[in-house]
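Coordinate analysis (summary)
Below, each chain spelled out in residue letters.
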Amino acid sequence: MRARIWTAVAMIVAAMIGLAVSPARAAATLTQVTGFGSNPGALRMFSYVPDGLPAGRPLVVALHGCTQTASAYYANSGWPKYADLYRAAVVFPEQTSANNALSCFNWFTAGDIARGQGEALSIRQMVAHAVATYGSDPSRVYVTGLSAGGAMTAVMLAAYPDVFAAGAVVAGLPYNCGTICQSQAQSKTPAQWGNLVRAAYPGYGGPWPRVAIWHGTSDSTVVPANATELRDQWTNVHGISQTPTATVTLAGGTVQESYGTAVQLNRVPGLGHGTPVAPGSATDQCGATGAYFLASICSSYHIARFWGLTDGGPTTPPPTTPPPSNQPCFTASNYAHTVAGRAHQSLGSTYANGSNQAMGLWNTFVVHTLRRTGDNYYVLADGQCSA
């Protein structure tokens, strides 16, 4: 009996030792990756790959803003949530203070924004490494980023349109405009903006990446004019009109303009400089607030929808907030709207106050209906209501 007892004890101890020395399978987390290429831009690569991710799934590249890190964008942007939900790998490139004192991606440096050079090539090498290592679908590679990361997103879309199916620029700048765009509007035509992109990869005939643009109407760091200029740049590249084909109001008052299926412009009312997030557990909620992560609407969710990552996931349309029927409407010429304080003009063009929606030439011949949806906030409502 005593021998059997000691034998049982020995078996239990052995089992416990076995449990102690057998490593548990680590859960997916942000991991640094080295040896991904020649890395001429001297960037760091981090990645998040959901547990059990099969081959053939999408790849997202998410670029942080100035003074931020890859880990901050991982923790606050909401992309890990949608990587898990929609089964995608995410690469988080990281800038270093050795390259830029504020850890900004160098969207304004010629040697870093050209195809085959500098930081742009380093990010391209990260994509190639991820496709080879994680088995990501090379036809479903996407890029997004905030501020300097948003400007670098535009760089990647322009320099490598053959690599990225779509992108999303958050509080960023048009391709190859330089630092001047950050603080003031420019007078370029859509064709001039488009030519900057076409010059990044001479001879490329398409297809061009689809582009979503997100910008706060109260951004004083990167002026909201950049959103309109990005819209002009990419609609011209796609050869489509700068007049939206559809306009809806999302939850929280964000005005979403669609230009066919190629370009989408989202203006977030009252938002300053940052990535719009909406902490919570609902499918369309994400992220955590912090420096340059501002409570508003989950931009990452709507970006994922625009890209088509939700295929096989939620199929319900994005939540919208229809304007109440009792909100006043005003039908008048663009000139009359500006005189009445419902719109403003810049360089001969008219824009609705608050939403900054483009209304066309500033004259007495172009007529639009505006609906007031807030204090000095107006949206285009042609055909939706009477004056």
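Please refer to the structure placed before this passage.
Thresholds, definitions, all that
- The written sequence of each chain sets the order in which its residues are numbered from 1.
- Totals for whole chains, interfaces and linings use all residues, but because this is a predicted model, local features are given only for residues with pLDDT of at least 70 and pairs of side-chain atoms are given and counted only at 80 or more.
- Working from all heavy atoms in the structure, the side-chain values ignore hydrogens and water.
- Throughout, exposure labels follow a simple rule: accessible area from a 1.4 Å probe, protein chains only, divided by the maximum for the residue type, with under 20% read as buried, over 50% as exposed, and the rest as partly exposed.
- Strands here mean DSSP runs of E at least two residues long; helices mean DSSP runs of H or I at least four residues long; both are numbered from the N terminus.
- By disulfide we mean two sulfur atoms from cysteines, separated by a distance within 2.5 Å.
- Aromatic pairing here means that ring centres of Phe, Tyr or Trp (its six-membered ring) are within 6.5 Å. Orientation follows from the plane angle: under 30 degrees is stacked, over 60 is edge-to-face, and everything else is tilted.
- Two strands qualify as a pair provided that DSSP identifies no fewer than 2 bridges between them.
- The definition of a right-handed crossover adopted here requires that, viewed with the strands pointing away, the path from the first strand over the helix to the second runs clockwise.
- Here an angle of 0 to 180 degrees is reported between the N-to-C directions of two axes, which are lines fitted to C-alpha atoms, with helices fitted over the stretch in contact.
- Working definition: roughly parallel below 35 degrees, roughly antiparallel above 145 degrees, roughly perpendicular at 65 to 115 degrees, and oblique for all remaining angles.
- Contacts between residues were defined by any pair of non-hydrogen atoms, one from each residue, lying within 4.5 Å.
- When residues are sorted by character, Ala, Val, Leu, Ile, Met, Phe, Trp, Tyr, Cys and Pro go into the nonpolar class, Asp, Glu, Lys and Arg into the charged class, and all the rest, Gly among them, into the polar class.
- Crossing handedness: left-handed means the near helix sits turned counterclockwise from the far one by under a right angle, and right-handed means the same turn made clockwise.
- The arc in question is the one traced by the directions running from the helix axis out to the C-beta atoms.

With eight of nine residues buried, helix α10 (residues 299-307) lies mostly within the body of the structure. Here α10 has its buried residues at S299, S300, Y301, H302, I303, A304, F306 and W307.

It is worth spelling out the state of the cysteines at this point. Per the stated rule, a full pass over the model turns up three disulfides. A sulfur-sulfur separation of 2.0 Å characterises the disulfide bridge that pairs C66 with C104. For the disulfide bridge between C66 and C104, the dihedral angle about the S-S bond is near 125°, and by the sign convention the bridge is right-handed. Here C104 lies in the loop between β4 (89-94) and α4 (110-113) and C66 lies in the loop between β3 (59-63) and α2 (70-76), a separation of 38 residues in the sequence. One disulfide in the model links C177 with C181; its S-S distance is 1.6 Å. Torsion about the S-S bond of the C177 and C181 cystine: about 75°, corresponding to right-handed handedness. When sorted by exposure, C177 lands in the same class as C181, which is buried.

Moving on to the packing of aromatic side chains. Applying the stated criterion across every chain, the model contains 12 aromatic pairs. With centroids separated by 5.6 Å and ring planes inclined at 50°, the aromatic side chains of Y48 and Y74 adopt a geometry described as tilted. Highlighted residues: Y48 in strand β2 (residues 44-48) and Y74 in helix α2, separated in sequence by 26 residues. With centroids separated by 5.0 Å and ring planes inclined at 85°, the aromatic side chains of Y204 and W208 adopt a geometry described as edge-to-face. Overall, the relative accessible area of 17% leaves Y204 in the buried class.

Of all six residues that make up strand β5 (residues 141-146), six are buried, and the element is covered over most of its length. Here β5 shows no split at all, with V141, V143 and G145 on one side and Y142, T144 and L146 on the other all buried. In terms of strand pairing, β3 meets β5 through five bridges, oriented parallel. When the sheet's bridge partners are listed, V61 is paired in β5 with V143. Where β5 meets strand β6 (residues 166-170), five bridges bridge the pair, whose relative direction is parallel. Looking at β6, one finds that Y142 is bridged to A166. A crossover connection joins β5 to the parallel β6 through helix α6 (residues 148-159); in handedness this β-α-β unit is right-handed.

In the contact formed by helix α5 (residues 118-134) and α6, the axes pass within 10 Å of each other and the chain directions differ by 75°. In this view, α5 runs roughly perpendicular relative to α6, as classed from their interaxial angle. Side by side, α5 and α6 meet where E119, A120, I123 and R124 of the first sit next to M152, V155 and M156 of the second. Here the residues of the contact of α5 with α6 sort into five nonpolar, no polar and two charged.

Let us look at the packing of helix α3 (residues 79-86) against α10. Running from amino to carboxyl end, α3 crosses α10 at an angle of 40°, the nearest separation of the two axes being 10 Å. If you check the angle between α3 and α10, you find them oblique. With respect to the hand of their crossing, α3 and α10 are arranged in right-handed fashion. Across the interface between the two elements, W79, Y82 and Y86 of α3 pack against S300, Y301, I303, A304 and W307 of α10. Broken down by class, the residue content of the contact of α3 with α10 amounts to seven nonpolar, one polar and no charged.

Looking now at helix α8 (residues 190-198). Within α8, burial applies to W193, G194, L196 and V197. Looking straight down α8, one finds its buried side chains confined to an arc of 150°; they lie on one side. Those residues of α8 hidden inside the fold are in contact with α6, α7 (180-183) and α9 (225-238).

Limitation: the analysis is restricted to geometry and does not speak to function.
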